[in-house]
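Take a look at the letters that make up each chain.
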Amino acid sequence: MKKLVLATSNPGKIKELQEMLDGHYSVISQTDMAIEEVPENGLSFVENALIKARNASHRSGLAALADDSGIVVNALNGEPGIYSARYAGEGASDMENVTKLLSEMNNLSGEDRRASFWCAIVLVCYPDDPAPLIIQRSWDGVITHKARGKNGFGYDPIFYLPESRCTSAELSSKQKNLISHRGQALRELLKQLSFED
């Protein structure tokens, strides 16, 4: 089985990616290899994912898979966007980020509460791979007025899915992986890789 390093230190992402890659790839997180994170100074999810994947591949000598994702609210001019993980400041907790977003959206209602989770997944076979595999997918929902649910991580407790009548944090990990932005992107990545093998 091919070996991949996951270019993330986020425990929630590591758990989701390991679950979805199980049976396809042998994966190890950059945390387990003591690979330090690099500054995410790109201007898009794709740029940041590339930065992370190339760093992990360089440090490990393995193919690397990186995910950069976040939540985009059009009524806030795309915020938090690429700053989703640090919306309330560097080192902010999930709850601090959620609280800040709810505060920013306090006076918004109806269509203005629509949001999308975006995910860019990048796979590099080696550090300077000139043809990285890049997949982007989105997942539409609505920002609630208060948190609901105990599953998932990040903004899941305030990301409401009208068709499911619950927040992302009220889905099981299996249900979430079937429909989420990350699940969609990873399935497409595996589909494309199956044609290359």
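The rules behind these values
Residues numbered from 1 in each chain as written. Predicted model: local features only at pLDDT ≥ 70, side-chain atom pairs only at ≥ 80, totals over all residues. Heavy atoms only, no water. Phe/Tyr/Trp six-rings, centres within 6.5 Å; stacked < 30°, edge-to-face > 60°. Helix = DSSP H or I, 4+ residues; strand = E, 2+ residues; numbered from the N terminus. Buried < 20%, exposed > 50% of the residue type's maximum accessible area, 1.4 Å probe, protein only. Pairing = 2+ DSSP bridges. Contact = heavy atoms within 4.5 Å. Axes fitted to C-alpha atoms, helices over the stretch in contact; angles between N-to-C directions. 1 Å grid on protein atoms, 1.4 Å probe; cavity = no way out; pocket = protein on both sides within 12 Å on 5 of 7 lines; lining within 4 Å. Points joined across faces, edges and corners; volume = space filled by probe spheres on them. Nonpolar A, V, L, I, M, F, W, Y, C, P; charged D, E, K, R; others polar. Salt bridge = Lys/Arg side-chain N within 4 Å of Asp/Glu carboxyl O.

1. Re the packing of aromatic side chains
Logical step 1: For the structure on display, the rule yields 3 aromatic pairs.
Logical step 2: Measuring from ring centre to ring centre gives 4.4 Å for Phe117 and Phe159, while their planes differ by 50°; the resulting arrangement is tilted. Of this pair, Phe117 sits in strand S4 (residues 114–124) while Phe159 sits in strand S6 (residues 159–161), and the two are 42 residues apart along the sequence. Exposure class is identical for Phe117 and Phe159. Each is buried.
Logical step 3: Members of the aromatic cluster, joined through ring pairs, are Phe117, Trp139 and Phe159.

2. Points about the sheet that holds strand S3 (residues 63–72)
In any sheet, the strands associate via hydrogen bonds between backbone groups, in a parallel or an antiparallel arrangement.
Logical step 1: A sheet is described by the order of its strands in space; here 7 strands give the open sequence S2-S1-S3-S4-S5-S6-S7, paired in mixed fashion. Each edge of the sheet is formed by a strand with only one pairing partner; in this case those strands are strand S2 (26–29) and strand S7 (166–167).
Logical step 2: Pairing of strand S1 (residues 3–6) with S2 involves 4 bridges; the strand directions are parallel. When the sheet's bridge partners are listed, Leu4 is paired in S2 with Val27.
Logical step 3: In the packing of helix H1 (residues 11–21) onto the sheet, contacts are made with S1, S2, S3 and S4, and the angle to S1 comes to roughly 160°.

3. Remarks on empty space enclosed by the protein
In this approach the atoms are scanned with a rolling probe the size of a water molecule, which exposes any empty space left behind.
Logical step 1: As enumerated under the stated definition, the model contains 1 cavity of 30 Å³ or more in all.
Logical step 2: Estimated volume of the largest cavity: approximately 50 Å³.
Logical step 3: Lining the largest cavity, in full, are Ala7, Thr8, Gln30, Glu37, Val38, Glu40, Lys52 and Asn55.
Logical step 4: For the lining of the largest cavity, the class distribution of residues is 2 nonpolar, 3 polar and 3 charged.

4. Here we look at the pattern of salt bridges
Logical step 1: Throughout the structure, instances matching the rule amount to 14 salt bridges.
Logical step 2: For Glu111, the salt bridge identified is with Arg114, shortest N-O distance 3.2 Å.
Logical step 3: We note a salt bridge from Arg148 to Glu170, for which the minimum N-O separation is 3.0 Å. Here Arg148 is found in the loop between strand S5 (133–143) and S6, whereas its partner Glu170 is found in the loop between S7 and helix H4 (173–179), with 22 residues between them in sequence.
Logical step 4: Shared partners join several salt bridges into a network, and the residues in it are Lys13, Glu16, Asp67, Asp156, Lys176 and Arg182.

5. Examining the layout of surface pockets
Logical step 1: Here the largest pocket is characterised by a volume of approximately 650 Å³.
Logical step 2: Taken together, 29 residues form the lining of the largest pocket, with Asn10, Lys13, Ser69, Ser84 and Ala85 sitting closest to its centre.
Logical step 3: Among the elements of the structure, H1, S3, helix H3 (94–104) and helix H5 (181–196) are those that each provide at least two residues to the lining of the largest pocket.
Logical step 4: At 3 residues, the largest contribution of residues to the lining of the largest pocket is made by S3.
Logical step 5: Broken down by class, the residue content of the lining of the largest pocket amounts to 8 nonpolar, 10 polar and 11 charged.
Logical step 6: In terms of lining residues, the second largest pocket is bounded by Glu19, Met20, His24, Lys174, Asn177, Leu178, Gly183, Leu186, Arg187 and Leu190.
Logical step 7: Mapped by element, the contributors of at least two residues to the lining of the second largest pocket are H1, H4 and H5.

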